[in-house]
Amino acid sequence: MELRNEKIDGIMVLQLSGRFDAYESPAVEQFFQRINTDPLPYVILNLINVNFIDSTGLATLTIGMKRCRQQQGDLILCGMQQPISIIFQLTRLDTVFTLASTLEEAIKTVHTLETKS
Amino acid sequence: MNTPSSLRETIRLNIPASLKCLNVLSECLAAILAHVPDSQNMDITTYNIQLALHEICINIMKHAYDEHAYDEQHASDRIEVVMVLDLQTNGVEIDLFDDGTPFDKQQDVEPDLVHGQIHGYGLFLAKNLMDSVSYERLDQKNHWCLTKKLGLS
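These remarks concern the structure in this document. All values derive from a computational prediction rather than experimental measurement.

Rules used throughout
Residues numbered from 1 in each chain as written. Chains lettered and ligands numbered in written order. Predicted model: local features only at pLDDT ≥ 70, side-chain atom pairs only at ≥ 80, totals over all residues. Helix = DSSP H or I, 4+ residues; strand = E, 2+ residues; numbered from the N terminus. Buried ≥ 20, exposed ≤ 12 C-beta atoms within 10 Å, placed from the backbone. Contact = placed C-beta atoms within 7 Å. Nonpolar A, V, L, I, M, F, W, Y, C, P; charged D, E, K, R; others polar. Expected span 1.5 Å × (residues − 1). Pairing = 2+ DSSP bridges. Axes fitted to C-alpha atoms, helices over the stretch in contact; angles between N-to-C directions.

## Re the overall build of chain B
Stage number 1. Summing up its helical and strand segments, chain B has four helices and five strands in all.
Stage number 2. What you see in chain B, going N to C, is helices and strands ordered as β-α-α-α-β-β-α-β-β.
Stage number 3. Taken across its 153 residues, chain B has 35% of its residues classed as buried.
Stage number 4. Considering only residue pairs separated by 6 or more positions, chain B has 69% of its internal contacts joining residues 24 or more positions apart.

See below:
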C-alpha cells in the first residue's frame, strides 16, 4: 500500500493505494495518531486507488473518524470502488461515515461543514 | 460419474500464519476464479470471496494462534488452504485447516449495525459474503469450510 498526504485548499487529504488490510493498516493508524490538522481537524481520505479493504481497515477508519469528531471535525471518505462500497453498505458503516463520490465533492463537503461550525 | 478434470480446478496451499502472506491467497483465488466463464458481476464476486477467505485467516491468526502472526516470531504456525472450483455445479469451496487453539463459538457475536462499532466485523463479513461458513474441530485440527455458488449470465 502507498500512503501520501497533501494539503488541498487547506484541508488534509490522505491518498491511499493498493490493499488496506490488517498488514498495512498500522501505517494509516500512525498517520491518524500524528496528524496535525490545524486549524480544523477535517481529513479527507481518498480511496479511489484502494482495491481491497478488510475489517481491520474498517476499524482503522472508524478510529480515525472518531478522533476527528472528538476535535469537532470529521473524516470524509471519497472515491470508493463498488466492491468496497458494498462492504460499507453490508456493515451499515455507510450511515456512520460522511461519504463523497469524488475528491472535489469531499472538499466541498468540508467547506460546508466548516461554514456551519 | 467422475467430474472431468477440466471442470474441476483445485489449488492447495500451505502458508505461514502471517499477515504478510494473505495477499498471496487473494491472488491465487483470483487466478482460479478467472477460469469461470460468462459469470455475472465476477469482479464483485471475486472480491467478496477474497475478503471472506481473508477474514477467516485473520480469525485463525488472532485466535487459534494467539496473534503470533502479528509478531511474526512463530514461523511454524501455518494454515492449509484447499480451494476447489467446480464448473459443473458452478460452485467454489474453500477449506482451511490449522492446528491452533479450538475456535470459541462465543466469539461469534453479531456486530451492532445500528450504532456501529470499531472491531468485530470479520466473521460477520465472511458469513454474509459466502453462502455458507462452517467450523468443526476434527482430529486436533480446526476446519473451516466456505462455499459459494457463482451466478452465470
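From this point, things continue past the structure.
## Some words on the interface of chain B and chain A
Stage number 1. Every contact between the two is made by 20 residues of chain B and, on the other side, 20 residues of chain A.
Stage number 2. Counting residues per element, the ones that place at least two in the side of chain B that touches chain A are helix 1 (22-33), helix 2 (42-64) and helix 4 (122-129) of chain B.
Stage number 3. Among the elements that make up the side of chain B that touches chain A, the one with the highest residue count is helix 2 of chain B (seven residues).
Stage number 4. Here the side of chain B that touches chain A is built from residues that sort into 10 nonpolar, seven polar and three charged.

## Points about the environment of Gln72 of chain A
All names here are of chain A.
Stage number 1. With respect to the helices, strands and loops of the structure, Gln72 is situated in the loop between helix 2 (55-70) and strand 4 (74-78).
Stage number 2. Given 11 C-beta atoms within 10 Å, Gln72 falls into the exposed group.
Stage number 3. Distance from Gln72 to Thr102, taken between C-alpha atoms, is 23 Å for residues 30 residues apart in sequence.
Stage number 4. In contact with Gln72, not counting residues within four places along its chain, are Pro41 and Ser117.

## Focus on the environment of Gly73 of chain A
Residue and element names in this part refer to chain A.
Stage number 1. Relative to the helices and strands, Gly73 resides in the loop between helix 2 and strand 4.
Stage number 2. Residue Gly73 is classed as buried on the basis of its 20 C-beta neighbours within 10 Å.
Stage number 3. Spatially, the C-alpha atom of Gly73 lies 16 Å from that of Asp9, the residues being 64 residues apart in sequence.

## Description of helix 2 of chain A
One turn of an α-helix holds 3.6 residues; hence residues three or four places apart share an orientation.
Stage number 1. Compared with the 22 Å implied by 1.5 Å per residue over 16 residues, the 22 Å span of helix 2 of chain A between its first and last C-alpha is a close match.
Stage number 2. Within two residues after helix 2 of chain A, Gln72 of chain A carries a phi angle of roughly 60 degrees, on the positive side.

## Some thoughts on the pairing of strand 3 (residues 42-53) of chain A
Residue and element names in this part refer to chain A.
Stage number 1. Of all 12 residues making up strand 3, nine are buried, and the element is well covered by its neighbours.
Stage number 2. Relative to strand 3, strand 2 (residues 11-20) is paired through eight bridges, and the arrangement is parallel. Opposite Gly18, over in strand 3, you have Val50 as the bridge partner.
Stage number 3. Note: strand 3 against strand 4, five bridges, orientation parallel. Residue pairing for strand 4: Val43 is matched across the bridge by Leu75.

## Re the sheet that holds strand 5 (residues 141-149) of chain B
All names here are of chain B.
Stage number 1. Ordered by their spatial adjacency, five strands build an open sheet running 1-2-3-5-4, and the pairing between neighbours is antiparallel. Among the strands making up the open sheet, the edge pair consists of strand 1 (8-16) and strand 4 (132-138). On average, adjacent strands in this sheet sit at an angle of 15 degrees to one another, irrespective of strand direction.
Stage number 2. Judged from the seven bridges that link them, strand 2 (residues 78-86) and strand 3 (residues 91-98) form a sheet pairing that is antiparallel. When the bridges of strand 3 are listed, Val81 appears paired with Leu96.

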